[in-house]
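The primary structure of each chain is shown beneath.
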Amino acid sequence: MNIVQSSTLPTISFFNKAILDSLGIWGGDVVDVEFDVMATEDQRRKAVNLVFEEHKKPDGSYGPLSSVLKSMEDNAPQSYKLQRRTRTIQDLIQHFAKEDFRSSFEFDELEPYIQEVIKEKFSDPILSEFVINTRRSLIEHYKEFVREFIPNDAEAINGYQLFLTHIAVEVICKSLFSTLSHSYSLEELSCAAISFGSQKDNEEIWPLKAYFDELLKSSQVSAYKLHQFHEFQLNNPNLADVDIWKKINPADLTNTKSKQVVARFNRKNKMNWNKVWQQISPIISRLPVDEKIVKLNSFVAQWIHNLVINIEPVSECEYALEGILASIYKSIEYSKEKYLVKQNTIYLKPISDVIDDFSDITFAESGGTRDIETSDFLVTCKVNQDKYRSWLASSKFYASNSLPIEFTNFWCIDTEENIDVKKLSVVVEATLLNPFSSWVKYWSEARRSMIEGDMNEALQYFKLSLSHAKYGSGRYFTSLYIDICAFCKMMYKYFSARNEADIFERFYDELGSNASKYSNLLGYKPKWMRDPKTLAPSYTNQLKNSMIVKMIDLTVVKMQQLQSSDCL
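Residues numbered from 1 in each chain as written. Predicted model: local features only at pLDDT ≥ 70, side-chain atom pairs only at ≥ 80, totals over all residues. Heavy atoms only, no water.

1. Here's the deal with the overall build of the chain
Looking only at helices and strands, the chain has 25 helices and four strands in total. Sequence-distant contacts in the chain: of pairs separated by 6 or more residues, those separated by 24 or more amount to 75%. Of the roughly 28,100 Å² of accessible surface on the chain, 49% is carried by carbon and sulfur atoms. (Helix = DSSP H or I, 4+ residues; strand = E, 2+ residues; numbered from the N terminus. Contact = heavy atoms within 4.5 Å. Areas by Shrake-Rupley, 256 points an atom, 1.4 Å probe, with all protein chains shown as cover.)

Right, here's the structure in full:
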């Protein structure tokens, strides 16, 4: 996996490919897999348009709403079965890794294919379910990381490595403990949880080797004795593991062949799960732990190993390889203490998504009247979110010259009466003098052009700002997104009033559409979705969506007030 040094983080599609590669799901024979495929958004949209065309009357009305809804339900595209080769899915993953997903619909429509390939690769339901849930959690956490992290110029890749060694490792361990906690007590898990021993910063021991060493130590088996077991098993395939252990002779600590076996676990190579488990599984009979616990622990060790071998520390950087490996082990020990010893609640979703879900449910249950900000649960979540942001900000890969508060709150107003045109104009000029990134510069130029009345120039600068802001603007993207939506809405009103909506569609609609698709894909705004049965559209978080719509409308008012008399 080649990563080009950049001032922006890798895309969601790139990270998706990294996860699947680390799982090794493309190894082995190419096979045909049957998929249950849901209708695509394009197919559903076409069905909606056909229904409206059928019900449209000469006067422009559509008849009774109940009739229209009934027709939509009757004409909703159904799911269907499709056979494709695993190689075809791999080609799709590689294509998206280069181009990125254009929308959340593309991502969601690819998801069933990926899940079926995972089930095909890991026939054990325990493993396949664990992989599916953990992979989805990793992607959601990476989206949150992209939404929060603002990389320094040319330091985004080290920021990505920061995510892998800390957040991704914790998410995988958290998912492991969550999965096992349904069947085992915390006491059992605390004694048998994954361990990499006590590593020092100057040791270059890769995760799988560190785990393997600890496993041998716990089972009181030397590497050579395990090698003897496998040699004996080849000639006695019908004997049970317990009987084989009794028959092999006491062994020396090691020999040449056993050294070679152990060395494979300490190389910067991707490891195959079947071969890893074949090597480790005989130890189970010598451990006072259930096989399911050992199997998932071993799988996690192998997964973490494969995921972090892609890390390539920069020579001038203090974040050297030995420190990276040590930080991985510390992240695992931190996860064990956090979720097992302290028995904290395990959420597989990122904290920001938990806040959104809880806020929306509470708001809906109260009919929109309950003060959700006073909820103890929500307060705790927001405290944790602040801690997460503080931790990110402490990273040397995080932009140190953060935007001034005035800039981030440029359009953040509660009422139309709070608009201060003079102050805002000053802020625009200030940002022109000290932009800390190219997307900020283009954003400022777009505002300047808009205020001066050059809407075509503003459009071009907004396009440039959007393209440079993707995967590099962190939580400040929301303000840019609101600006773009307000600008497009203002221009739509302008051209519609002159019966020139076709001009808007030709030149301006693409800008708003691209900003909305990226915002939806990364989770900056609530997810827009369509009911597969009724084709009715909806948002996952009505409260948050209504707040964004309000901000856009207020921003339109502000933009119009900033226009000179000879402009819009």
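2. Here's the deal with the side chain of Ser219
Mapped onto the fold, Ser219 is located in helix α9 (residues 207-219). The residues touching Ser219, leaving out its near neighbours within four places in the chain, are Ile283, Arg286 and Leu287.

3. Comments concerning a negative patch on the surface
A contiguous patch of negative charge on the surface is contributed by Glu187, Glu188, Asp290 and Glu291. Mapped onto the fold, Glu187 is located in helix α8 (residues 186-192). By relative accessible area, which is 54% here, Glu187 ends up exposed. (Patch = residues over 30% accessible without salt bridge, like charges linked within 9 Å, V, L, I, M, F, W, Y side chains within 5 Å. Salt bridge = Lys/Arg side-chain N within 4 Å of Asp/Glu carboxyl O. Lys, Arg positive; Asp, Glu negative; His and termini not counted. Charge placed at Lys NZ, Arg CZ, Asp CG, Glu CD. Buried < 20%, exposed > 50% of the residue type's maximum accessible area, 1.4 Å probe, protein only.)

4. Points about the packing of aromatic side chains
Throughout the structure, instances matching the rule amount to 32 aromatic pairs. With 5.4 Å between their ring centres and 85° between their planes, Phe15 and Phe163 make a pair best called edge-to-face. Of the two residues, Phe15 is situated in helix α1 (residues 12-23) and Phe163 in helix α7 (residues 156-180); the sequence distance between them amounts to 148 residues. Accessibility assignment for this pair places Phe15 and Phe163 in one class, buried. On the numbers, 5.4 Å between centres and 90° between planes, the contact of Phe122 with Phe299 is edge-to-face. Of the two residues, Phe122 is situated in the loop between α5 (104-121) and α6 (125-148) and Phe299 in helix α14 (residues 291-308); the sequence distance between them amounts to 177 residues. (Phe/Tyr/Trp six-rings, centres within 6.5 Å; stacked < 30°, edge-to-face > 60°.)

5. Regarding the packing of helix α20 (residues 438-452) against helix α21 (residues 455-469)
Contact geometry for α20 and α21: axes closest at 8 Å, N-to-C directions at 160°. For the element pair α20 / α21, the angle class is roughly antiparallel. Taken as a pair, α20 and α21 cross one another with a handedness that is left-handed. Of the residues in α21, those touching α20 at Ser438, Trp439, Tyr442, Trp443, Glu445, Ala446, Arg448, Ser449 and Met450 are Met455, Glu457, Ala458, Tyr461, Phe462, Leu464, Ser465, His468 and Ala469. Among the residues making up the contact of α20 with α21, the classes are represented as 11 nonpolar, four polar and three charged. (Axes fitted to C-alpha atoms, helices over the stretch in contact; angles between N-to-C directions. Parallel < 35°, antiparallel > 145°, perpendicular 65-115°, else oblique. Left-handed = near helix turned anticlockwise from the far one by under 90°. Nonpolar A, V, L, I, M, F, W, Y, C, P; charged D, E, K, R; others polar.)

6. Looking at α1
For α1, spanning 12 residues, the distance from its first C-alpha to its last is 17 Å, which sits close to the expected 16 Å at 1.5 Å a residue. The element α1 is largely enclosed, with a buried count of 11 among its 12 residues. Looking at α1, one finds that the buried residues are Ile12, Ser13, Phe14, Phe15, Asn16, Ala18, Ile19, Leu20, Asp21, Ser22 and Leu23. At its buried positions, α1 is contacted by α4 (86-99), α5, α6, α7, α14 and α24 (509-522). After α1 finishes, the residue Gly24 shows a positive phi value of roughly 70°. (Expected span 1.5 Å × (residues − 1).)

7. Considering α24
Since the α-helix packs 3.6 residues into each turn, any two residues three or four apart lie on the same face. Spanning 14 residues, α24 covers 20 Å between terminal C-alpha atoms, matching the ideal 20 Å at 1.5 Å per step. Every buried residue belonging to α24 is among Leu511, Gly512, Ala515, Tyr518, Ser519, Asn520, Leu521 and Leu522, and all of these are buried. On its buried side, α24 packs onto α1, α5, α6, α21, α22 (477-496) and β3 (528-530). At the C-terminal side of α24, Gly523 shows a positive phi close to 85°.

8. Quick word on the environment of Ala469
Checked against the element boundaries, Ala469 lands in helix α21. If we ignore the near neighbours within four places in the chain, the residues touching Ala469 are Trp439, Phe477, Leu480 and Tyr518.

9. Here we look at the pairing of strand β1 (residues 32-37)
Sheet faces and side chains relate simply in a regular strand, where the side chains alternate between the two faces. In β1, alternate side chains face the same way, and those of Val33, Phe35 and Val37 are buried while those of Asp32, Glu34 and Asp36 on the opposite face are not. Of the strand pairs in this sheet, β1 and strand β2 (residues 80-85) are connected by six bridges, and their pairing is antiparallel. Across the sheet, residue Glu34 finds its bridge partner in β2, namely Gln83. (Pairing = 2+ DSSP bridges.)

10. A look at the pattern of salt bridges
Applying the stated criterion to the full structure yields 22 salt bridges. Residue Arg135 pairs with Glu111 through a salt bridge whose shortest N-O separation is 2.6 Å. One end of the pair, Arg135, is in helix α6; the other, Glu111, is in helix α5, with 24 residues separating them in the sequence. You can call Arg135 buried: its relative accessible area is 0%. Residue classification places Glu111 among the buried positions, given a relative accessible area of 5%.

11. Side note on the nonpolar core
Counting residues in hydrophobic clusters, the biggest one holds 135 residues, and the most contacted among them are Leu9, Phe15, Tyr142, Phe145, Phe299, Ile304 and Phe487. With 14 residues, α7 is the single largest residue contributor to this core. Excluding residues that lie within four positions of it along the chain, Phe487 makes contacts with Met450, Met455, Ala458, Leu459, Phe462, Tyr508, Leu511 and Met559. Core analysis: the second largest hydrophobic core is formed by seven residues, Ala47, Val48, Met72 and Ala76 among them. (Core = buried A, V, L, I, M, F, W, Y, C linked by side-chain atoms within 4.5 Å.)

Taken by themselves, the reported measurements are silent on function.
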